[in-house]
Amino acid sequence: MAETAVAGRLSGALNRILAGDCIEQMRRLPEASVDLVFADPPYNLQLKGELHRPDNSRVAGVEEAWDRFGGFGDYDRFTKEWLKEARRVLKPHGAIWVIGSYHNIFRVGAELQNQGYWILNDVVWRKSNPMPNFRGKRLTNAHETLIWASKAEASKYTFNYEALKALNEGVQMRSDWMLPICTGHERLKGEDGSKAHPTQKPESLLHRILLATTNPGDVVLDPFFGTGTTGAVAKRLGRDFIGIEREASYRKAAEARIAQVRRLENAALETASSKKAEPRVAFGVLVERGMLRPGEELWSLGGRHKAKVRADGTLVGQDVKGSIHQVGAHLEGAPSCNGWTYWHFRRDGGYVPIDVLRQQVRAEMAQHH
């Protein structure tokens, strides 16, 4: 009931861009109403003077008023306020991503911890095509840092581990991501041909974040919406979004952009899931349902060992009886054994792993659900 009531109060903000100051707008949102916050706050770059390339052409950097603060004290107060409101609107098991550069990310990280967020990872986004350091007085600034944190230490945050592993060609995803900056057709331009936003983030970055830490139907809040990368990716991936943006030109660009996005079909939104997350099926269920018969023989791959199925869902071998796992471990002289992949039944002259039957039951359970 409580979840429904919150959703009802939130419905007017879903998949919309709220105009105005992010702190004021977040205060109007219900407590514990969003699943994830993605925040790309002002970096407080502290730029002084114009920057030019070696050929004396001017670099289009961040010069907007929203990135100017009186000093670190002002920036820290701003950070404290918006993080406080972000934490209030997060659900108990929600999480936040904040992206920044060396100018601000360490100050943001300290405030996250001060407020009770629990840092899960810092991620280095290594840009495959960074802007060089034209003055030649520092290293090329080739990365930005993201902090991923849950609302609290005990939060049961979403992490689609298997989906990220599949995205990374079957290898566990690392905390250093090589992705290009926003260029080409993805870069939004104003009527005069200039960048619509100086720090537009690439959709590939948000795709990875939302795929990893949200599920279809989740609500994603972006309090610094800009030209709407978060909203565009959220809509495509079947997530709901709430954007907050005070600059009218950015809102206009974001609305036009998101209107062109089409949500993927449900089948395309399905992702690889952990075996642990799948419903538990006891071996005895296969016997009860007649998928395997009492007295039927099961074989290890290669036919080296065999055992018979008993009516209670246990196996009996030459000198051992017990579960599919216990009997397999005993016959192999091993400390443990995954009986689901170890044991096979004979069909049409071949050997089929009993796990095929378990997956069949799981599919029927999911269909019923």
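About the cut-offs
Residues numbered from 1 in each chain as written. Predicted model: local features only at pLDDT ≥ 70, side-chain atom pairs only at ≥ 80, totals over all residues. Heavy atoms only, no water. UniProt positions renumbered as here; feature names shortened; annotations may be inferred. Helix = DSSP H or I, 4+ residues; strand = E, 2+ residues; numbered from the N terminus. Buried < 20%, exposed > 50% of the residue type's maximum accessible area, 1.4 Å probe, protein only. Contact = heavy atoms within 4.5 Å. Salt bridge = Lys/Arg side-chain N within 4 Å of Asp/Glu carboxyl O.

Per an unreviewed UniProt entry, the protein chain goes by the name Methyltransferase and belongs to Rubellimicrobium mesophilum DSM 19309. UniProt, in its Sequence similarities (unreviewed entry) section for the protein chain, records the words "Belongs to the N(4)/N(6)-methyltransferase family." UniProt, in its Catalytic activity (unreviewed entry) section for the protein chain, records the words "a 2'-deoxyadenosine in DNA + S-adenosyl-L-methionine = an N(6)-methyl-2'-deoxyadenosine in DNA + S-adenosyl-L-homocysteine + H(+)".

A. How the structure looks around the environment of glycine 322. Along the chain, glycine 322 falls in strand β12 (residues 321-322). The exposure class of glycine 322 is buried, given its relative accessible area of 10%. Taking the C-alpha atoms as reference points, glycine 322 and arginine 310, separated by 12 residues in sequence, lie 9.7 Å from one another. Setting aside its immediate chain neighbours within four residues, glycine 322 contacts Thr314, Leu315 and Val327.

B. Representation of the environment of asparagine 15 within the structure. Among the structural elements, asparagine 15 can be located in the loop between α1 (2-10) and β1 (16-19). Once residues lying within four places of it in the same chain are set aside, the contact partners of asparagine 15 are Arg239, Asp240 and Phe241.

C. Focus on the pattern of salt bridges. In this structure the tally under the stated criterion is 17 salt bridges. A salt bridge links glutamate 203 to arginine 257; the nearest nitrogen and oxygen atoms lie 3.0 Å apart. Taken together, the residues glutamate 203 in helix α6 (residues 203-213) and arginine 257 in helix α8 (residues 248-259) connect sequence positions 54 residues apart. Assessed through its relative accessible area of 18%, glutamate 203 is described here as buried. Put simply, glutamate 332 and arginine 304 hold a salt bridge, and the shortest N to O gap is 2.9 Å. Linking glutamate 332 in helix α11 (residues 324-332) with arginine 304 in the loop between β9 (297-300) and β10 (306-309), this pair joins segments that are 28 residues apart in sequence.

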